[in-house]
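A closer look at the structure
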Amino acid sequence: MTDVQFFTRAGPFDLATIAEGTGAAPIEGADTARSFVDVAPLETAGPDDISFLDNKKYLEAFEVSRAGACFVEPGLADRAPASMTPLVCDQPYLALALATRMFYPSSAPEPGVSDTAHIDPSAVIGEGARIEHGVVISAGVQLGKRCHVAAGAVLYENIRLGDDCHVGAGATLMYCLIGDRVWIDTGVRVGTQGFGFAVGPKGAVRIPHTGRVLIGNDVEIGANTTVDRGTAGDTEISDGAMIDNQVQIAHNVKVGRGAILAGQVGLAGSSQVGDYAMIGGKSGVANHIKIGTGAKIGALSGAATDLEAGGTYLGQPAIPIKDFWRQQAAIRRLLKQSKRT
Amino acid sequence: MTDVQFFTRAGPFDLATIAEGTGAAPIEGADTARSFVDVAPLETAGPDDISFLDNKKYLEAFEVSRAGACFVEPGLADRAPASMTPLVCDQPYLALALATRMFYPSSAPEPGVSDTAHIDPSAVIGEGARIEHGVVISAGVQLGKRCHVAAGAVLYENIRLGDDCHVGAGATLMYCLIGDRVWIDTGVRVGTQGFGFAVGPKGAVRIPHTGRVLIGNDVEIGANTTVDRGTAGDTEISDGAMIDNQVQIAHNVKVGRGAILAGQVGLAGSSQVGDYAMIGGKSGVANHIKIGTGAKIGALSGAATDLEAGGTYLGQPAIPIKDFWRQQAAIRRLLKQSKRT
Amino acid sequence: MTDVQFFTRAGPFDLATIAEGTGAAPIEGADTARSFVDVAPLETAGPDDISFLDNKKYLEAFEVSRAGACFVEPGLADRAPASMTPLVCDQPYLALALATRMFYPSSAPEPGVSDTAHIDPSAVIGEGARIEHGVVISAGVQLGKRCHVAAGAVLYENIRLGDDCHVGAGATLMYCLIGDRVWIDTGVRVGTQGFGFAVGPKGAVRIPHTGRVLIGNDVEIGANTTVDRGTAGDTEISDGAMIDNQVQIAHNVKVGRGAILAGQVGLAGSSQVGDYAMIGGKSGVANHIKIGTGAKIGALSGAATDLEAGGTYLGQPAIPIKDFWRQQAAIRRLLKQSKRT
């Protein structure tokens, strides 16, 4: 049961409505008028909840779950307990996402500007904005409609955000232009100076960073992530990129459309991540390296050379994933042989 | 010498009192009435200070240290210089911890609520609280007794903290229930939305995160660590868990009692860390993976499969540590052979 | 073209002035009176811009660039297009840094103290300071001349900073003494308690951290980096150290002069990084390990043993880089052989 102190729920919805909204099919003979109030994990769901099975690891939990209905792949539906209506679909997690959005529809923030916010008179703030306590909005800032700037966030001079953006508490934005529907979480730093210097005869010579950060539409940036601005030229994050917590994006990096960067990824200066590429948690891409369109890199890996579009890579240095596992097997065989002799 | 500008010291204490408080035994014939004023490292300790030797790497420093007394294992006590009284014990670092707590006892924060804090009238704040400048405490928040909320921290609607909690400067808490004596350091983010979406035919479908973060008693969370709330269901951190700086804890993770997570560890979605497990710096645990009770994972490692209780693991992918070192040795032998031929 | 909304440019400068300021030599017959207005990357530079080529990966871009002049190594100058004046030098990136500093000279912050800053009457603030909205400066703090403390930063009791320091928005400083010309970026945490406890029979015993953080002159600390104070004894960062974003520096670490720590590096307790050593992104150094003067560690590596001065290391555990690549080659050969048989 979702905690109603924290979340406001829509519904209830009957099975027919949920099936229509998610594309899942109730098994034959199901009571499509049956009403549901929430989504919940298999372990805690009750008869009025809808659950999901998207990982065989949880098959046992599925078989004993009290959930009234459950999104499940076709091949596993017959493992459902008698009390559960299987909702058959190819992508149970996608169906869950769609159902959750029915029960918890997103809504514009409640408008209002705190009288403790520090807003420069030259800033332009679109209608419907929510500006919380202690926010700083500097000269020349332009905010689109229905933006939500949470407590203590600092927006430096002349930056621009489009409509329906969210800036989390304590985030800091400078030297950046940001599109529509961008979610910037708590503690994010955008536009900081890059780690750039040349080592000369008298030590490190800092290079002024005179580039910007350009962020497209529908981008998400997770908590405490850092995005440096470019040296000469810009750092760019394209439409629909999804970036998790504690990711580090250095100066002049390009992140492609719909690219997915998991937690604690690091992209070194001038690296490029292609459209729809996916990089696993804690992995890194070296300076000036290009990751091709749709390429996938596993966790804790390091791309030290350009990686081809569509490939899947693992390891440090990152190599094609098949080669990685073959090498692991070869090492294990070697070890066995050396024990025998 | 500890900098008295920053720290207030109790004492002095005589050797007998220190021995009693720490369980360490002065060597025979020691002057138990001798008085000590502070703890200090071997290199900088003087005749009135107590030091410690807990790593043989520092044996040389021990032999020339000017410390008046020193916690040391039984087998190394006879290496002490003449001016030093060895305080013999099995765990010198534990003895140091206990002695340091004698000289620097913890105390409740000085109560007081800044008139620049933004506190919603519906919030309930226990007695003895310290609320610093610019703090935001939203509607429905409940704080126990003697909580210390440092400058600029933001507590969102309806969260609860027990007694004697500390919330560091600039930390952000939302969608969470927190026990007693929990230390949350500067810049921590608790309750942020997880990195959750399903990839459908029209691109990524964000899933609303309607779970919470549940934190037990006596938990410590280091600076700039991030803890996402659950998708459906909660993220949970159990009693006594110790979490270092810049750790990333994803949605629906379970961290067991007394588990220890070193700096920059990352726990992916729905992973589980057993009670008293220890994870070394920069290591990761993959989605849905379970780490058994008391298991240990070395640094820079990646748990890609469930790991058994009590085992010790290293590598990416993490394997039993003996196997890891055997593989390393096998590779070195292989290299030697290939040089010979 | 640099965005003039964000950056104020000096100049224009003629080629002779630029050559003198950077040490680069225009090729024979170049028009030294030709005037330039900005620096720019090869792809976007126009006839009035100066660009640079410091990586052969960009040779094609160089050959078709519209840049009016370009810093380039001697051997590649003849690849320049006809419209471009090559500015020949040994270190094109160093020349770029120097030229960029001509066009974008650093200047002292505009002085001024926000009336929303919370400044204790006992704090001493040098002339020319810029203190932004919501800053907290506690009792006994001493700030040198021309310091810039950005919005929402929190400076705790009795800390000291020298002249010309910058403290980024939302940064938190405690228990520290800081030199001149130190740049502390947004969200940095300095002086937090270390991750220190001894595991006794009744569980973890926290050790009070009574040391400080000592930071020299000309140090740079990147966004969201964390620096713990010492246990007994201090954490130290020496003159000229350059530290990138999201680096974790544990208690009692020593970072040598001019050392370079790339993004997401982690230094465990009591580790020591020698003068001018360089550590690549995402690498770690284990507890009590010493990295020699000028040693270099590649990315995603882990120093588990002391590493010699001047060496270059890679891998987890980090080994001499030649050995690392030899081992990789040996594994590949092994794999080929096993396929054959």
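Residues numbered from 1 in each chain as written. Chains lettered and ligands numbered in written order. Predicted model: local features only at pLDDT ≥ 70, side-chain atom pairs only at ≥ 80, totals over all residues.

1. Some points on helix α3 (residues 92-103) of chain B
Residue and element names in this part refer to chain B. Counted at 1.5 Å a residue, the expected span for α3 with its 12 residues is 16 Å, and the 16 Å between its end C-alpha atoms agrees. With 10 of 12 residues buried, α3 lies mostly within the body of the structure. Within the sequence span of α3, burial applies to P92, Y93, L94, A95, L96, A97, L98, A99, T100 and F103. (Helix = DSSP H or I, 4+ residues; strand = E, 2+ residues; numbered from the N terminus. Expected span 1.5 Å × (residues − 1). Buried ≥ 20, exposed ≤ 12 C-beta atoms within 10 Å, placed from the backbone.)

2. Some thoughts on the sheet that holds strand β34 (residues 278-279) of chain C
All names here are of chain C. An order of β8-β11-β14-β17-β20-β25-β28-β31-β34-β37-β39-β40 is seen for the 12 strands of this open sheet, with the pairing classed as mixed. Edge positions in the open sheet fall to β8 (112-113) and β40 (319-320), since each of these has one partner strand only. Note: strand β11 (residues 130-131) against strand β14 (residues 148-149), two bridges, orientation parallel. Of the residues in β14, the one forming a bridge with R130 is H148. (Pairing = 2+ DSSP bridges.)

3. Describing the sheet that holds strand β13 (residues 142-143) of chain C
Residue and element names in this part refer to chain C. With parallel pairing, the nine strands of this open sheet are ordered in space as β10-β13-β16-β19-β24-β27-β30-β33-β36. Both outer strands of the open sheet, β10 (124-125) and β36 (290-291), are each paired with one neighbouring strand and no more. Where β13 meets strand β16 (residues 160-161), two bridges bridge the pair, whose relative direction is parallel. By the bridge assignment, Q142 is partnered in β16 with R160.

4. Regarding helix α3 (residues 92-103) of chain A
Counted residue by residue, α3(A) has 11 buried out of 12 residues, so it is predominantly covered. Within α3(A) the residues assigned to the buried category are P92(A), Y93(A), L94(A), A95(A), L96(A), A97(A), L98(A), A99(A), T100(A), M102(A) and F103(A).

5. Concerning the relation of the copies chain B and chain A
Overlaying chain B with chain A gives an RMSD of 0.0 Å, the required rotation being 120° about an axis along which the chain moves by 0.0 Å. A rotation of that kind, with that shift, is consistent with a three-fold axis. (Least-squares fit on C-alpha atoms with pLDDT ≥ 70 in both.)

6. A closer look at the domain arrangement of chain A
Domain boundaries in chain A define domain 1 (13-103) and domain 2 (174-321). Placing the centre of domain 1 of chain A and that of domain 2 of chain A at their C-alpha centroids yields a distance of 37 Å. (Domains from an automatic or database assignment.)

7. Quick word on unusual backbone geometry
Both trends apply: most residues other than glycine have a negative phi, and most peptide bonds are in trans. Between Q316(A) and P317(A) the backbone carries a cis peptide bond, its omega angle lying at 0°. For P317(A), the location among the structural elements is in the loop between β39 (312-314) and β40 (319-320). The amide bond that connects G11(B) to the next residue, P12(B), takes the cis arrangement and shows omega of 5°. Looking at the element boundaries, P12(B) is found in the segment before β1 (13-14). Phi is positive for L300(A), which is not a glycine, with a value near 50°. Mapped onto the elements, L300(A) comes out in the loop between β37 (296-297) and β38 (302-303). In this structure L300(A) comes out as buried when scored by C-beta crowding, with 30 C-beta atoms within 10 Å. The phi dihedral of D164(B) falls on the positive side, at around 60°, and the residue is not glycine.

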